[in-house]
Amino acid sequence: MRVVVAGAGTIGSLLAGHLARVAEVAVLTRRPEHARALVENGLRVSGRSDFTATLRASSDPDELGDADIVVVACKGGDLEPLAAGLAGRFAGATVMTVQNGLGAEDVVAARGDWPLLSAVTFMSGTRHADDHVEYVLDTATWIGPFRGTTEADAEAVAELIRSAGLKAEAFADLRPAQWSKLIFNATVNAVAALTGLPHDHHFAEGELGRLVHDLVDEGKAVAAAAGATLGEDPWEMNVHATRRGHAHYPSMLEDVSARRPTEVELINGSLVRAAERNGVPVPLHTALYALVKAKEAGYT
Amino acid sequence: MRVAIIGCGAVGSLFAANLAQLEDVEVWAYDAFRDHVDAINEHGLRLSGAGDVVGRLRATADAGELPPCEFGIVATKAMHTDAAIAAAAHAFSDGCVATVQNGLGNEEAIAEHVRRVIRGTTFPAGKLVEPGHVQWDVKGDTTFGPYRDVELPEIEALADACTRAGMPAKAVADARGPQWRKVIFNAATNPVGALTGLTHGRVCERPDLRRLVSGLVDEGKAVAAAQGIELDADPEELIDHAAKPEVAYDHKASMLQDVEARRSTEIDYLNGGIVRFGREHGVPTPLNQAIWALVKGVEQSWTR
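Attention here is on the structure that accompanies the text. Per chain, residues are indexed from 1 in the order of the written sequence. Lettering for chains starts from A, numbering for ligands starts from 1, and both go in the order in which the items are written. Per-residue local features are limited, in this predicted model, to residues with pLDDT of at least 70; the limit for side-chain atom pairs, both in listing and counting, is 80 or more; totals at the level of whole chains, interfaces and linings are taken over all residues. With hydrogens and water stripped out, all remaining heavy atoms of the structure feed into the side-chain values.

### Quick notes on the overall build of chain B
Turning to step 1, where the next piece is worked out: Helix and strand counts for chain B come out as twelve helices and twelve strands.
Turning to step 2, where the next piece is worked out: Radius of gyration means the value over C-alpha atoms here, while the globule rule gives 2.2 Å times the residue count to the 0.38 power. At 19 Å, chain B has a C-alpha radius of gyration in line with the 19 Å of a compact globule built from 304 residues.
Turning to step 3, where the next piece is worked out: Referenced to the eigenvectors of the C-alpha coordinate spread, the extents of chain B come out at roughly 50 × 40 × 40 Å.
Turning to step 4, where the next piece is worked out: A 1.4 Å probe rolled over the protein chains alone gives each residue an accessible area, and that area as a share of the maximum for its type sets the label: buried under 20%, exposed over 50%, partly exposed in between. Expressed as a percentage of its 304 residues, the buried residues of chain B come to 58%.
Turning to step 5, where the next piece is worked out: If you take every contact in chain B between residues at least 6 apart in sequence, the share linking residues at least 24 apart comes to 69%.
Turning to step 6, where the next piece is worked out: If you sum the accessible surface of chain B, you get close to 12100 Å²; carbon and sulfur atoms cover 49% of it.
Turning to step 7, where the next piece is worked out: The centroid of the 30 positive side-chain charges in chain B is displaced by 4 Å from the centroid of its 43 negative side-chain charges. Numbering goes from the N terminus for both helices and strands, where a helix is a DSSP run of H or I of at least four residues and a strand is a run of E of at least two. Residue contacts are defined here by distance: any two heavy atoms, one from each residue, within 4.5 Å place the two residues in contact. Residue burial considers only the protein chains on display, and all accessible areas are found by Shrake-Rupley using a 1.4 Å probe. Residues scored as charged are limited to Lys and Arg (positive) and Asp and Glu (negative), so that His and the chain ends carry no count. Charged side chains are reduced to one point each, which is NZ for Lys, CZ for Arg, CG for Asp and CD for Glu.

Here it is in structure tokens:
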């Protein structure tokens, strides 16, 4: 089995490192020096797993060879150029997006006629270096068919991921899980980015807990108007996550702390635009979306 | 007339040094910052900028030293009101205490400790440059009005002294209009600057952010209207005026300066106050509530 993992942030690195134990893995990076570090040193995975994976890597898609599965796991802002780089390549592969927000599948679908799977992941980690990722939360990756694929295809990839030591589940319809995660991320990531608080008990109690609850309710109203049923209840996901005993730093908080572009367009933008399309007022999410974008503008 | 300034930071110093110019006013200042107190006693209190003045007055870091006074002017940050006036209350057993602080709830806090209280709002601004020296950035008016057990002529005597001293002030029967105008302005702009890191002008030139500011203003106006308060000017006009390059485009809101220095902010007395009065009068204030919770979250992130 040949797997190309496109994008080697935290999630891409966790998938690539683990899959390299059961498949031939090649990693597509944005920066050449990132690929060099992976090839020369291997990819160290610490935390809940502990090993160093040997894999191929390049910033040039033509050097990666053919693939049976292409996993797209880049940051939202890198998606368009990365998808453009996949066009005309990897014939015969099934492409799976593992992205936050809504609409990543459509961006990739526009670039080629591969069979497509769509995935959301709830696992998390911390990227310590180009060649070192720590596996922190061992929650599952959920996979469903998107275009030209079946639940059985999703299950085959889920089984591959499980055999590599990560958690994965296949679903006939991924939309409920995607909506739950979208509402959860749009709320928790933006509140964390604006306050500087990691995802801790403050999100489930007092005035901030009330705000989080109200934001989740706005999100649920959008999902209902869009005709989507929800998977897990985003508020319960939030409460559960704050009780894990150690506080998680959402990626949007890490991004604003490092003054990097965030995924606010893909996450909060998706939700606010879906609300507009469906005529649902979301004043609180609209406020958070404007505030996080302004915070990004404040870097310069 | 003997006047004690309670909290002699930037705004308190503007009142203290200017009032000290008057022959018929004896000025005391109580402040916890001992270096500032010592410098005032040694060299006088110097203002520079919009006006150049040196005021000779008695400063103390020990509220017990304050003599009985006809008037007090409280100018601490809102979160220090209670402690400051509790310590100084003995000087005002017959006197009247006015607040010139930001936000909502200061009169109530003062009234816990002294009987006769004057509501006030002031617009001049400055900053402490070094002990004994305050830079006077902006001149502006002050409005006083009764809060409890004070008659208008007494308030007029205080306003007259301020005006003669170069701090134009007027006494009105209902001083809530200017107070709420300033609170709404501050609550709609300060926390947005604090959360985004942007100056006032940059906040206003982003259409989505400017809409959020208007949403906050509208809620504040609704809460004011529910109490029968007539604003003396439209906060929206003040916001757009301040955004002009020659006015305050590059101004970092004091709350942004507080957040950058990791000092507690006045959010409880601005957006928190609007939310509280909104609840009392049945007016929903979801945006102010959200902004309040976010800035409280920022403060909590420093101590977790």
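### Examining the packing of helix α8 (residues 207-226) of chain B against helix α9 (residues 235-242) of chain B
Residue and element names in this part refer to chain B.
Turning to step 1, where the next piece is worked out: In this analysis, axes come from line fits to C-alpha atoms, helices being fitted only over the stretch in contact, and the angle between any two N-to-C directions falls in the range 0 to 180 degrees. Their axes nearest at 10 Å, the elements α8 and α9 cross at an angle of 150 degrees. Here α8 is positioned roughly antiparallel relative to α9, judged by the angle of their axes. The two elements α8 and α9 meet at a crossing, and its hand is right-handed. From α8, R210, V213, S214, V217 and K221 reach across to α9, where they touch P235, E236, I239 and D240.
Turning to step 2, where the next piece is worked out: The class makeup of the residues in the contact of α8 with α9 is four nonpolar, one polar and four charged. By definition in this entry, angles of less than 35 degrees are roughly parallel, angles greater than 145 are roughly antiparallel, angles of 65 to 115 are roughly perpendicular, and the rest are oblique. For a crossing to be left-handed, the near helix must be turned anticlockwise from the far one by less than a right angle; the clockwise case is right-handed. Residue polarity follows a fixed list, in which Ala, Val, Leu, Ile, Met, Phe, Trp, Tyr, Cys and Pro are nonpolar, Asp, Glu, Lys and Arg are charged, and the others, Gly among them, are polar.

### Let's talk about helix α3 (residues 79-86) of chain A
Residue and element names in this part refer to chain A.
Turning to step 1, where the next piece is worked out: Of the residues making up α3, those classed as buried are L79, L82, A83 and L86. Considered in projection along α3, the buried side chains sweep an arc of 100 degrees and stay on one side of the axis.
Turning to step 2, where the next piece is worked out: Buried residues along α3 sit in contact with β1 (2-6), β6 (69-72) and α4 (104-109).
Turning to step 3, where the next piece is worked out: One or two steps after α3, the chain reaches G88, where phi turns positive at roughly 80 degrees. As used here, the arc belongs to the directions running from the helix axis to the C-beta atoms.

### Examining the sheet that holds strand β7 (residues 94-98) of chain A
Residue and element names in this part refer to chain A.
Turning to step 1, where the next piece is worked out: Two strands qualify as a pair provided that DSSP identifies no fewer than 2 bridges between them. Ordered in space as β5-β2-β1-β6-β7-β8-β11-β12, the eight strands form an open sheet in which the pairing is mixed. Whereas interior strands pair on both sides, the edge strands pair on one side only; in this sheet they are β5 (56-58) and β12 (168-170). For this sheet the average axis-to-axis angle between neighbouring strands, irrespective of direction, equals 25 degrees.
Turning to step 2, where the next piece is worked out: Where β1 meets β6, four bridges bridge the pair, whose relative direction is parallel. Bridge pairing links V5 to V71 in β6.

### Observations regarding the nonpolar core
Turning to step 1, where the next piece is worked out: Among buried residues, those of type Ala, Val, Leu, Ile, Met, Phe, Trp, Tyr and Cys that are joined through side-chain atoms within 4.5 Å constitute a nonpolar core. If you look at the biggest cluster of nonpolar residues, it comprises 91 residues, and the most contacted ones within it are W179 and L291 of chain A together with W180, L209 and L294 of chain B.
Turning to step 2, where the next piece is worked out: It is helix α6 (residues 175-195) of chain A that provides the largest number of residues to this core, a total of twelve residues.
Turning to step 3, where the next piece is worked out: Setting aside residues no more than four positions away along its own chain, W179 of chain A makes contact with L102, V222, A223, A226, A228, L230, L271 and A274 of chain A.
Turning to step 4, where the next piece is worked out: Formed by 41 residues, the second largest nonpolar core is a distinct cluster that contains L14, A17, V100 and V150 of chain B.

### What to know about unusual backbone geometry
All names here are of chain A.
Turning to step 1, where the next piece is worked out: Positive phi, normally seen in glycine, also occurs at F90, with a value near 60 degrees.
Turning to step 2, where the next piece is worked out: Structurally, the position occupied by F90 is in the loop between α3 and β7.
Turning to step 3, where the next piece is worked out: Note on F90: relative accessible area 5%, which makes it buried.
Turning to step 4, where the next piece is worked out: A positive phi angle is found at R259, which is not glycine, with a value near 55 degrees.
Turning to step 5, where the next piece is worked out: Looking at where R259 falls in the secondary structure, it is placed in the loop between α9 (251-257) and α10 (264-277).

### Side note on the environment of G103 of chain B
Residue and element names in this part refer to chain B.
Turning to step 1, where the next piece is worked out: Inspection of the secondary structure puts G103 in the loop between β7 (96-99) and α4 (106-111).
Turning to step 2, where the next piece is worked out: Along the primary structure G103 and V192 are separated by 89 residues, whereas in three dimensions their C-alpha atoms are 16 Å apart.
Turning to step 3, where the next piece is worked out: Apart from residues lying up to four places away in sequence, G103 is in contact with Q179, V183, Y269 and L270.

### Section: the sheet that holds strand β4 (residues 51-53) of chain A
Residues and elements named next belong to chain A.
Turning to step 1, where the next piece is worked out: Pairing is mixed in the open sheet, where four strands are placed in the order β4-β3-β10-β9. The sheet is open, and its two borders are formed by β4 and β9 (124-129), each paired with just one other strand. Neighbour-to-neighbour, the strand axes of this sheet turn through a mean angle of 25 degrees, independent of strand direction.
Turning to step 2, where the next piece is worked out: Bridging between strand β3 (residues 43-47) and β4 involves three bridges; their strand directions are antiparallel. Looking at β4, one finds that R44 is bridged to T52.

### So, the interface of chain B and chain A
Turning to step 1, where the next piece is worked out: Of the residues lining the interface, 23 residues belong to chain B; the matching set on chain A comes to 27 residues.
Turning to step 2, where the next piece is worked out: Of the roughly 2000 Å² buried between chain B and chain A on both sides combined, carbon and sulfur atoms contribute 65%.
Turning to step 3, where the next piece is worked out: Here's the idea: put two parts together, see how much 1.4 Å probe accessible area each one loses, and the total over both is what we call buried area. On the chain B side of the contact with chain A, L195, L294 and R304 of chain B bury the most area, a combined 26% of that side's loss.
Turning to step 4, where the next piece is worked out: When a carboxyl oxygen of Asp or Glu lies within 4 Å of a side-chain nitrogen of Lys or Arg, that pair is called a salt bridge. If you look at where chain B meets chain A, you find two salt bridges.

### What to know about the packing of aromatic side chains
Turning to step 1, where the next piece is worked out: Here a pair means two rings of Phe, Tyr or Trp (six-membered ring of Trp) with centres within 6.5 Å. Their orientation is stacked below 30 degrees between planes, edge-to-face above 60, and tilted elsewhere. Under the counting rule described, the total for this entry stands at three aromatic pairs over all chains.
Turning to step 2, where the next piece is worked out: Taking 4.9 Å as the distance between ring centres and 65 degrees as the angle between the ring planes, the aromatic pair formed by F122 of chain A and W142 of chain A counts as edge-to-face. Of this pair, F122 of chain A sits in the loop between β8 (116-121) and β9 while W142 of chain A sits in strand β11 (residues 141-147), and the two are 20 residues apart along the sequence. Summarising the burial analysis for this pair, F122 of chain A and W142 of chain A share the class buried.
Turning to step 3, where the next piece is worked out: Ring plane angle 85 degrees and centroid distance 5.5 Å describe the contact between W180 of chain B and F277 of chain B, whose orientation is recorded as edge-to-face. Pair noted here: W180 of chain B is in helix α6 (residues 176-196) and F277 of chain B is in helix α11 (residues 271-280), with a separation of 97 residues, a long-range link. Accessibility classification places W180 of chain B together with F277 of chain B in one group, the buried group.
Turning to step 4, where the next piece is worked out: Site record: aromatic cluster; members linked through ring pairs are F122, W142 and F171 of chain A.
Turning to step 5, where the next piece is worked out: Between the NZ or CZ atom of K139 of chain B and the centre of the ring of W136 of chain B, over which it lies, the distance is 5.1 Å. Charge-over-ring placement is defined geometrically: NZ (Lys) or CZ (Arg) within 6 Å of the ring centre, and within 35 degrees of the ring normal.

These figures capture arrangement, not role.
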